[in-house]
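# Observations on chain architecture
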Amino acid sequence: MIFCSIFARTRHRLTSGMEIQYIERIMKFIHLSDPHIGKSVNGFSMLDEQRRVLWQVIGYVQSERPAAVVIAGDVYDRAVPGVEAVRLFDDFLTELAAEGVAVMVVAGNHDSPERLGYAGRLLADRKLFIRGAFDGVAGRAVLSDEYGEVNFWLLPFIRPISVRGLFGDREVSTHGEAVAAAIEAAGVNYAARNVLVSHQFYTGAGAEPKRCESEINPVGGLDAVDVSIIERFDYAALGHLHGGQSVGADNCRYAGSPLKYSFSEVRHEKSVSLVELREKGNLSVSALPLVPLHDMREIKGPLSELISDRVSSLADKNDYLRVVLTDREGDITDPMGKIRSVYPNVMSLGFENAGACVDAAGTGADLERVSSMSPYELFCEFFFEANKYTMSGEQAALVRKLMDGGPADEAD
Ligand SMILES: [Mn+2]
């Protein structure tokens, strides 16, 4: 168990050679999660973006003077992160230490618990509390303010399979049972003030959490944990979901990823949470916005419009873009080259009518009618359903030729 009692924001002032300590009036900390350092999105490295937003967090530490920065898991994108990713996180931690702020970190499902937790017992002396592997008990770090102590419980991501046997004979077959057992084992005194740091998929009664494509979503939500298990904590600093949101009550909150990591997040406003805890029961949370180097957005229209000065000058041409062209697919040669010449960071390019689904029930494809049609007629109908326009003469001729195995008609 990590146990270290330190004063929150103990400041040292030199007055005629004497050191005076004073304690911040209230407990204030910054909650962030899911930085996924080292992640690439559609082949684009996010390292420069990650450095940018992490340094915005440093800026908030300097302006808000919190007692701690809490990182609720998925520090890295991969269990074995690249050298550049490790260097960036090392720089970030060193910068936070220079600000005198405590740092609490738990492993997420993307992290390797042992690698993330390396030297954790030694670093606790430097106010850096890392909980990588779970050994049956949540780690505890204690900070103080004028109202007394605040317990920070550090619970890394756990699966039932990985904690089986840690709780004696207790049956642990679901993620919910695993989390419940871990929290019971912590022996939390709920009369005191407690903050949980946890990386799991928590769900509230009746409310579907907002999910997005950059999270890993197990089939059927088998990893879901009922948020009622953790509602008695004064604040739960959560990680796993990449959209910032509260689950159940306001005191259980996902900070969300600091950057947009998929096009399902283009409308997200990324932020870290600033949490202020006064006496028991007095909590306030606000969002501190994060601004990337390049935004992620979608543009849609005919190619000639999108690459015109009039449209391209409306926003930053270097943004990460999903481009949807409304032109006919066959009408443009090298669409990606043309788009990239104006927007260098295009991540995805598609045509509006491409991949349109044919709804068999909706096409009136009754057996009698279909069975009376020739393969060529069927293909014409299919082509129209898929593309929303009819084949050109040239295309029709080619299809006929392929079907007949003979010379193409002079169709027009
Ligand atoms: Mn994540």
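Residues numbered from 1 in each chain as written. Predicted model: local features only at pLDDT ≥ 70, side-chain atom pairs only at ≥ 80, totals over all residues. Heavy atoms only, no water.

Bringing unusual backbone geometry into the picture now. Even without being a glycine, asparagine 42 presents a positive backbone phi close to 50 degrees. Positionally, asparagine 42 belongs in the loop between β5 (40-41) and β6 (44-45). A positive phi angle, near 65 degrees, is found at alanine 119, a position not held by glycine. As for its position among the elements, alanine 119 is in the loop between α3 (113-116) and α4 (120-123). (Helix = DSSP H or I, 4+ residues; strand = E, 2+ residues; numbered from the N terminus.)

Right, let's get into the sheet that holds strand β20 (residues 296-301). Taken together, the three strands give an open sheet; going across it, the order is β20-β21-β22, and neighbouring strands pair in parallel fashion. Each end of this open sheet is capped by a strand with a single partner; those strands are β20 and β22 (346-351). The average angle at which neighbouring strand axes cross in this sheet is 15 degrees, direction not considered. In this sheet, strand β21 (residues 320-325) lies alongside β20 in parallel orientation, the contact comprising six bridges. Opposite glycine 301, over in β21, you have leucine 325 as the bridge partner. (Pairing = 2+ DSSP bridges. Axes fitted to C-alpha atoms, helices over the stretch in contact; angles between N-to-C directions.)

A word on the coordination of the manganese ion. Around the manganese ion, the protein contributes the donor atoms Asp34 (OD), His36 (NE2), Asp74 (OD) and His242 (NE2), at 2.1 to 2.4 Å from the metal centre. The sequence pattern formed by the donor residues of the manganese ion is D-x1-H-x37-D-x167-H. Accessibility assignment for this pair places aspartate 34 and histidine 36 in one class, buried. (Donors = N, O, S within 2.8 Å, 3.2 Å for Na, K, Ca; no water. Buried < 20%, exposed > 50% of the residue type's maximum accessible area, 1.4 Å probe, protein only.)

Moving on: helix α6 (residues 175-186). Taking 1.5 Å as the rise per residue, α6 with 12 residues should run 16 Å; its terminal C-alpha atoms sit 17 Å apart, in good agreement. Most of α6 sits inside the fold, with nine of its 12 residues counted as buried. Along α6, the residues classified as buried are His175, Gly176, Ala178, Val179, Ala180, Ala181, Ala182, Ile183 and Ala186. Trailing α6 by a residue or two, glycine 187 shows a phi angle of about 60 degrees, which is positive. (Expected span 1.5 Å × (residues − 1).)

This next bit is on the nonpolar core. Counting residues in each nonpolar core, the largest one holds 39 residues, and the members touching the most others are Ile30, Ile71, Phe89 and Val105. Looking at this core, the elements that each hand over two or more residues are β4 (27-32), α1 (47-64), β7 (68-71), α2 (83-98), β8 (102-106), β9 (128-131) and β18 (271-277). In terms of domain composition, this core takes at least three residues from each of domain 1 (5-289) and domain 2 (296-351). Contacts of valine 105, omitting those with residues within four sequence positions, involve Ile71, Val75, Phe89, Leu116, Leu128, Phe129, Ile130, Arg131 and Leu154. The next biggest cluster of nonpolar side chains, apart from the first, holds 29 residues, and it includes Leu155, Ala182, Val227 and Ala236. (Core = buried A, V, L, I, M, F, W, Y, C linked by side-chain atoms within 4.5 Å. Domains from an automatic or database assignment. Contact = heavy atoms within 4.5 Å.)

Evaluation of the coordinates by the stated rule reveals 17 salt bridges. Among the ionic pairs, arginine 193 bridges to aspartate 145, the shortest N-O distance being 2.6 Å. Here the residue arginine 193 occupies a position in strand β12 (residues 193-199), and aspartate 145 occupies one in strand β10 (residues 139-145), the gap between them amounting to 48 residues. Of the two residues, arginine 193 and aspartate 145, both sit in the buried class. (Salt bridge = Lys/Arg side-chain N within 4 Å of Asp/Glu carboxyl O.)

Looking now at the side chain of asparagine 345. Here asparagine 345 lies in the loop between α9 (335-340) and β22. Look past the residues within four positions of asparagine 345 in its chain and what remains in contact with it is Phe44, His294, Asn318, Asp319, Tyr320 and Leu321.

Here the protein shows a mean pLDDT of 87. Residues at 70 or above account for 87%. This model gives residues 356-365 a pLDDT under 50, and the stretch forms 12 contacts once residues within four places in sequence are excluded. With pLDDT under 50 throughout, residues 408-412 is counted as low confidence; its partners more than four residues away or in other chains account for five contacts. (pLDDT = per-residue confidence, 0-100.)

This part is about the packing of aromatic side chains. Applying the stated criterion across every chain yields a total of nine aromatic pairs. For the ring pair phenylalanine 29 and phenylalanine 152, a centre distance of 5.2 Å and an interplane angle of 80 degrees mean the geometry is edge-to-face. Taken together, the residues span a long stretch of sequence, with phenylalanine 29 in strand β4 and phenylalanine 152 in strand β11 (residues 148-155) at a distance of 123 residues. Residue phenylalanine 29 shares its accessibility class with phenylalanine 152, and that shared class is buried. Each residue in the set Phe29, Phe152 and Tyr235 is aromatic and connected to the rest through ring pairs, giving one cluster. Across the ring face of tyrosine 376, the terminal group of arginine 400 is positioned such that the distance to the ring centre comes to 4.0 Å. (Phe/Tyr/Trp six-rings, centres within 6.5 Å; stacked < 30°, edge-to-face > 60°. Lys NZ or Arg CZ within 6 Å of the ring centre and 35° of its normal.)

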